[in-house]
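Structural overview
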Amino acid sequence: MSKNKLEKFAQMATFKNVVQPENLNVTDFEYKGKWANDFFHNNNPITLELGCGKGEYTVALSQIKPTCNFIGVDIKGARIWNGAKKALDNNNTNAGFLRTRIDMIDNFFGEDEVEEIWITFPDPQPKKQNKRLTSAHFLNLYRRFLKDGGIVNLKTDSRLMHFYTLALLKANGIVPTIFTDDLYSSDYLDGILGIHTFYENQFLQEGKKITYLQFILDKDKEIIEIPKFEFNEEV
Ligand SMILES: C[S@@+](CC[C@H](N)C(=O)[O-])C[C@H]1O[C@@H](n2cnc3c(N)ncnc32)[C@H](O)[C@@H]1O
């Protein structure tokens, strides 16, 4: 491991805005169902950024919405370090970070604990549909801790990810509240959708279009996976 990474890991262990559970299989995680009270020391709603990387959305949203709490989730500590350091330096006390695998995220949040989810530039997993962070498997995982009517946002450069998610929603009778396959040419662009992540900046430099999709998940309705999604631009 590089010296730089080791230094970041040592610093992270002292960051009070980062939670790094030693065991991801916990059944009695201390903040489960209690993040607002026991971690943020308030009673404000919670939004997650899944696969947050350097946590650009977590940090920027915490500044835009000081009366909400934001938690960036990623397995890679050296990436999380960037967002955590920035939030500490800026005294954004409503931003936190959780280092875990998203596959095990329901070990860390209680029923109805989360109001909104952002999924920012996830790995599109071209060959493994059920590993996509918007697959039925993951959406059903999120239903365990999302409030009824909870919002899910997907921002991506991957047209496969965007159109796959749209197809999955359609098959499950969910009408997206917003969708555009070219965010920066659309009327939806605002201060929040205009936040750029690290990966997004790279994709924009490559001239890629950015897509955005927002939908509401019904707590009581199981999401059923669709057959292997064959992607073509005409979908
Ligand atoms: C392509 S990067 C995007 C990072 C950031 N959202 C951005 O836009 O710059 C995907 C991120 O998701 C994280 N990730 C992917 N699968 C994950 C999983 N199952 N659990 C936790 N993190 C995951 C990776 O570690 C990586 O930081």
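This report concerns the structure included in the present document. (Residues numbered from 1 in each chain as written. Predicted model: local features only at pLDDT ≥ 70, side-chain atom pairs only at ≥ 80, totals over all residues.)

Some words on the overall build of the chain
- On a plain count of helices and strands, the chain comes out with seven helices and eight strands.
- Taking 2.2 N^0.38 as the reference for a compact globule, 235 residues should give roughly 18 Å; the C-alpha atoms of the chain span a radius of gyration of 17 Å, in line with that estimate.
- Dimensions of the chain along its principal axes, counting C-alpha atoms only, are 50 × 40 × 35 Å.
- For the chain, buried positions account for 37% of its 235 residues.
- A sequence separation of at least 24 residues applies to 77% of the contacts in the chain between residues at least 6 apart. (Helix = DSSP H or I, 4+ residues; strand = E, 2+ residues; numbered from the N terminus. Rg over C-alpha atoms; globule rule 2.2 N^0.38 Å. Buried ≥ 20, exposed ≤ 12 C-beta atoms within 10 Å, placed from the backbone. Contact = placed C-beta atoms within 7 Å.)

Regarding the sheet that holds strand β6 (residues 146-156)
- Spatial ordering of the open sheet is given by β1-β4-β3-β2-β5-β6-β8-β7, a layout of eight strands whose pairing is mixed. Looking along the sheet, the strands with just one partner apiece sit at the ends: β1 (18-19) and β7 (178-180).
- Of the strand pairs in this sheet, β6 and strand β8 (residues 211-217) are connected by seven bridges, and their pairing is antiparallel. Its bridge partner lying in β8, G150 is registered against L217.
- Against the sheet, helix α3 (residues 56-64) touches β2 (46-50), β3 (69-74), β4 (95-99) and β5 (114-120), its axis set at about 175° to β3. (Pairing = 2+ DSSP bridges. Axes fitted to C-alpha atoms, helices over the stretch in contact; angles between N-to-C directions.)

What about the nonpolar core?
- One finds L48, L50, I71, V73, V114, I117 and Y142 to be the most contacted residues of the largest nonpolar core, which totals 51 residues.
- No other element matches helix α6 (residues 159-171), which puts six residues into this core.
- Those residues in contact with L50 that sit more than four places away from it in its chain are V73, I102, I117, I119 and L133. (Core = buried A, V, L, I, M, F, W, Y, C linked by C-beta atoms within 7 Å.)

Here we look at the pairing of β8
- Within β8, five of the seven residues are buried, which leaves the element mostly enclosed by the surrounding structure.
- Judged from the three bridges that link them, β7 and β8 form a sheet pairing that is antiparallel. Pairing of I178 across the sheet is with Q214, part of β8.

Some words on the site of the ligand
- Taken together, 18 residues surround the ligand, and among them G51, G53, F121, T197 and Y199 come closest.
- Element by element, the count of residues in the shell around the ligand is highest for helix α7 (residues 198-205), at three residues.
- By residue class, the composition of the shell around the ligand is seven nonpolar, four polar and seven charged. (Near = placed C-beta within 6 Å. Nonpolar A, V, L, I, M, F, W, Y, C, P; charged D, E, K, R; others polar.)

Regarding the packing of helix α1 (residues 3-12) against helix α4 (residues 77-89)
- At a minimum axis separation of 9 Å, α1 and α4 run at an interaxial angle of 55°. Accordingly, the angle class assigned to the pair α1 and α4 is oblique. As for the relative orientation of α1 and α4, their crossing is left-handed in sense. On the side of α1, the interface is formed by K5, K8, F9, Q11 and M12, while α4 contributes G77, A78, W81 and A84.
- A breakdown of the residues in the contact of α1 with α4 according to their chemical character gives five nonpolar, two polar and two charged. (Parallel < 35°, antiparallel > 145°, perpendicular 65-115°, else oblique. Left-handed = near helix turned anticlockwise from the far one by under 90°.)

With respect to the environment of L50
- As for its placement among the helices and strands, L50 is situated in strand β2.
- Its 22 C-beta neighbours within 10 Å are what place L50 among the buried residues.
- Measuring from C-alpha to C-alpha, the distance between L50 and L6 comes to 24 Å, with 44 residues separating the pair along the chain.

Considerations on unusual backbone geometry
- In this structure, H41 takes a positive phi of about 60° despite not being glycine.
- Among the secondary structure elements, H41 is positioned in the loop between α2 (35-40) and β2.
- We note that N91 has phi near 55°; this positive angle belongs to a residue other than glycine.

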